[in-house]
Amino acid sequence: MNVKISLPDGSVREYPQGVKGSEIASSISEGLARVSLAIEVNGEVWDLSRPITTDASIKILTWNDKSGKTTFWHSSAHLLAEALEALYPGVKFGTGPAIENGFYYDVDLNGKPFGDDDLAAVEAKMKELAKHDSQYVRKDVSKADALKYFTEKGDPYKIEIINGLEDGKITFYQQGGFTDLCIGPHIPNTGFIKAVKLLNVAGAYWRNNENNKMLTRIYGITFPKAKELEEYLHLIEEAKKRDHRKLGKELELFAFSERVGMGLPLWLPKGTILRERLEQFMRKAQIKAGYDPVVTPHIGSKALYVTSGHYEKYGKDSFQPIHTPDEGEEFLLKPMNCPHHCEIYRTKPRSYRDLPVRLAEFGTVYRYEQSGELHGLTRVRGFTQDDAHIFCRPDQVKEEFVKVIDLVLHVFKSLGFENYTAQVSLRDPENKAKYIGEDSAWEKAEAAIQEAADERGLSTVAVKGEAAFYGPKLDFMVKDALGRQWQLGTIQVDYNLPIRFELEYVGSDNQKHTPVMIHRAPFGSLERFVAVLIEHCAGNFPLWLAPDQIAVLPISERFNDYAKLVYEKLKEQDIRGLLDDRDEKIGRKIRDAETKKIPFMLIVGEKEAGDQMVAVRKHGQGDQGSVPLEEFVNRFRIECSAPV
RNA sequence: GCCGAGGUAGCUCAGGGGUAGAGCAGCUGAUUCGUAAUCAGCAGGUCGUGGGUUCAAUUCCCAUCCUCGGCUCCA
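Residues numbered from 1 in each chain as written. Chains lettered and ligands numbered in written order. Predicted model: local features only at pLDDT ≥ 70, side-chain atom pairs only at ≥ 80, totals over all residues. Heavy atoms only, no water.

**Student:** I'd like to hear about the protein's contact with RNA strand B, residue by residue, with values.
**Tutor:** Taken together, 53 residues surround RNA strand B, and among them Met262, Ser371, Glu373, Asp583 and Arg588 come closest. When atoms of RNA strand B within 4 Å of the protein are sorted by moiety, sugar and phosphate together comprise 49%. Take glutamate 557: an N or O atom from its main chain is 3.0 Å from a base oxygen of RNA strand B. A distance of 2.7 Å is found between a base oxygen of RNA strand B and a backbone nitrogen or oxygen belonging to lysine 607. When contributions to the surface near RNA strand B are tallied by element, the ones reaching two or more residues are β14 (195-205), β15 (214-223), α8 (244-250), α11 (310-314), α18 (586-595), α19 (606-609) and β34 (613-618). A breakdown of the residues in the surface near RNA strand B according to their chemical character gives 18 nonpolar, eleven polar and 24 charged. (Near = heavy atom within 4 Å. Polar contact = N/O pair within 3.5 Å; in protein donor to acceptor, adjacent residues only side chain to side chain. Helix = DSSP H or I, 4+ residues; strand = E, 2+ residues; numbered from the N terminus. Nonpolar A, V, L, I, M, F, W, Y, C, P; charged D, E, K, R; others polar.)

Rendered as structure tokens:
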């Protein structure tokens, strides 16, 4: 009996029942057979050695397919485990999945320290074992047999996993002398793994729970060709050059000081220009969108945060209250602006006609972040949010939310962020105790967010358990140079805080009603936004943001006077920059200006000094020819306009 | 906070039980130059901090602080 196999190109071929993926690949072409890693059967990824018994549509998976890579890396994790078992008898295994770039395996080395030298040894063992071309063999096992195997082997983590599995659906995979509990699929044999690099060691809690034992997580990556590994490592090196911590130092944008305290950024003059440009851009956009700027203090009475619920939720693990010496009052460093804004709302009675009230503040907040969490400007203990709170009637929620989405998208577009993820962050339904407020309020809020996102045609991913404790969010996530994902913009619907703060307005029915609050921050925090922006443009800021826009470079000291004149004229036109009148050759001055990523270099010498000319050189683009100074200023103005 | 790796001149890094070295930056002098590094000289460090071992510690040990890679967390 035959089975009908449809291929991705739409063609259908017949094969004997029980045909294997590898046989189908061979029948298509020997070339394909050589590079095929796995097969997709009716949307499910299978081993190439698994018999196909029914009609199916298939796709042969190679390194060029995402699931081909995933399979490859998952099999590599097994190879890592095999190497570990060979070198560390008695090692216990947690889980070892493929990840976006490579794979890891969590292992329990019985408290044995595992460092970089060990990493190199294991890597060498993996390379050796890969050459054995050991096949990955799939085996169905009963739950009882599976438990028996790992009980005898003494692997408590595998036993824990098996206990949660259904009998009849348990499979083992074995390659060489190593057997693992695994649903597969895998590549045909270890020989496909030609290049291996173990990247780093990290601690990871068993089952991601910090109350569990910390296992040793070993990260690695493998490739079918040595050259691809080289390319990958080169790519990582390139990405590191964009790291905002490196560029922040090189371009003198920000710094940290142990004496000031960890996670407390110092904005240097050039970084401050960048930051203030962004603030100004946002201020304008917000005025246009009907926001009223407000200012509130950096500390607030503890009672304020008890009311809001922040104290109960975060108080004990946070910066401790500040006490006044005589009265014994308690204040908290402001961790959030919303309670203050609620109090501004309360300063006078509000009518339904007044709503929405939109209060905006570049509010600096302080939060205790665990020391291990701090990371450049993306995770700090003191930062400024481009925060605002919109107080509106229930019937205005959707419209207001949509307007905020537009604002966020405008910001992203203006700064060239195209690759973002819009994440609907929902409550964890399994763990409602983590949140405040009634179910009905949550349901309303979650629905409002999804509706607003849909109305703007935003493609979103919903993630449970990511909501704030007072309400669900729409978060805009962007990746940094090294692929780490960060939350930038956020919009949150909140039915809870207005109740806690007893906010009200008088409706058209002359009755008192509770407004709805929308918390929102398009940048998120200036610090994190700048960090991601630096990495996004690799320090080559758009002209309107660049701390130094021009460098005036006299050919020699003889032209310093003219250069100074040019520099002063540009300064009068609010063009930022520097005059490099050092006693250096022009090549040197150009090199330094290029290194500093200054957008325009104006070179002036004998040819220019006579008739008010400047020789224009653009960063990364070279000589642009000479123009009259006036003309340069005009062209500059056009190019420099900030987005509106 | 947890696991692992590090901290040597302003920066990037080498070294290693007998009180330290390079390149760049800095300073001084020479040079006056046309599109990515002019030459020479000088100066610069309680080798993160505190203890311990030792005749002797920057080097070995312990603690601590900070940084880096992850984990957990992220109002």
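**Student:** Which residues make up the side chain of serine 76, and what are the values?
**Tutor:** In this structure, serine 76 sits in helix α3 (residues 66-87). Looking at serine 76, the relative accessible area reads 0%, which means it is buried. Side chain to side chain, serine 76 and threonine 222 meet in a polar contact 2.6 Å long. Filtering out sequence-adjacent residues up to four positions away, serine 76 remains in contact with Phe103, Met126, Tyr136, Ile193 and Thr222. (Buried < 20%, exposed > 50% of the residue type's maximum accessible area, 1.4 Å probe, protein only. Contact = heavy atoms within 4.5 Å.)

**Student:** Before we move on, could you go through the UniProt feature "binding site: Zn(2+)" (unreviewed entry) in chain A and cite the residues and values that matter?
**Tutor:** If you check UniProt for "binding site: Zn(2+)" (unreviewed entry), the listed places come out as Cys338, His389 and His519 in our numbering. A compact arrangement is adopted by the annotated residues: their sequence extent is 182 residues, whereas the largest C-alpha distance between any two is 7.6 Å. By relative accessible area, cysteine 338 is classed as buried at 0%. Aside from chain neighbours lying at most four places away, what touches cysteine 338 is His310, His389, Leu497, Met517 and His519. Structurally, histidine 389 can be placed in strand β23 (residues 382-392). Dropping the residues within four chain positions of it, histidine 389 is found in contact with Asn337, Cys338, His341, Val357, Arg358, Leu359, Met517, Ile518 and His519. Engagement of the side chain of histidine 389 in a polar contact is seen with the side chain of histidine 341, the distance being 2.8 Å. (UniProt positions renumbered as here; feature names shortened; annotations may be inferred.)

**Student:** Can you tell me about the packing of helix α9 (residues 269-288) against helix α16 (residues 526-537), naming the residues and giving the values?
**Tutor:** Where α9 contacts α16, the axes come no closer than 11 Å and their chain directions differ by 110 degrees. Here α16 runs roughly perpendicular to α9, going by the angle between their axes. Taken as a pair, α9 and α16 cross one another with a handedness that is right-handed. Seen from α9, the contacting residues are Leu274, Arg275, Leu278 and Glu279; seen from α16, they are Leu526, Glu527, Phe529, Val530 and Leu533. Considering only residue class, the contact of α9 with α16 consists of six nonpolar, no polar and three charged. (Axes fitted to C-alpha atoms, helices over the stretch in contact; angles between N-to-C directions. Parallel < 35°, antiparallel > 145°, perpendicular 65-115°, else oblique. Left-handed = near helix turned anticlockwise from the far one by under 90°.)

**Student:** Please set out the nonpolar core residue by residue, giving values where relevant.
**Tutor:** Counting residues in hydrophobic clusters, the biggest one holds 81 residues, and the most contacted among them are Leu278, Leu415, Leu474, Phe541, Leu570, Val614 and Phe632. Sort the elements by how many residues they give to this core and helix α13 (residues 397-414) lands first, with nine residues. Residues lining this core come from more than one domain, with at least three contributed by each of domain 3 (266-296 + 338-537) and domain 4 (550-640). Not counting the four nearest positions on each side in its chain, phenylalanine 541 is found in contact with Leu251, Leu253, Leu274, Leu533, Ile534, Ala546 and Pro547. (Core = buried A, V, L, I, M, F, W, Y, C linked by side-chain atoms within 4.5 Å. Domains from an automatic or database assignment.)

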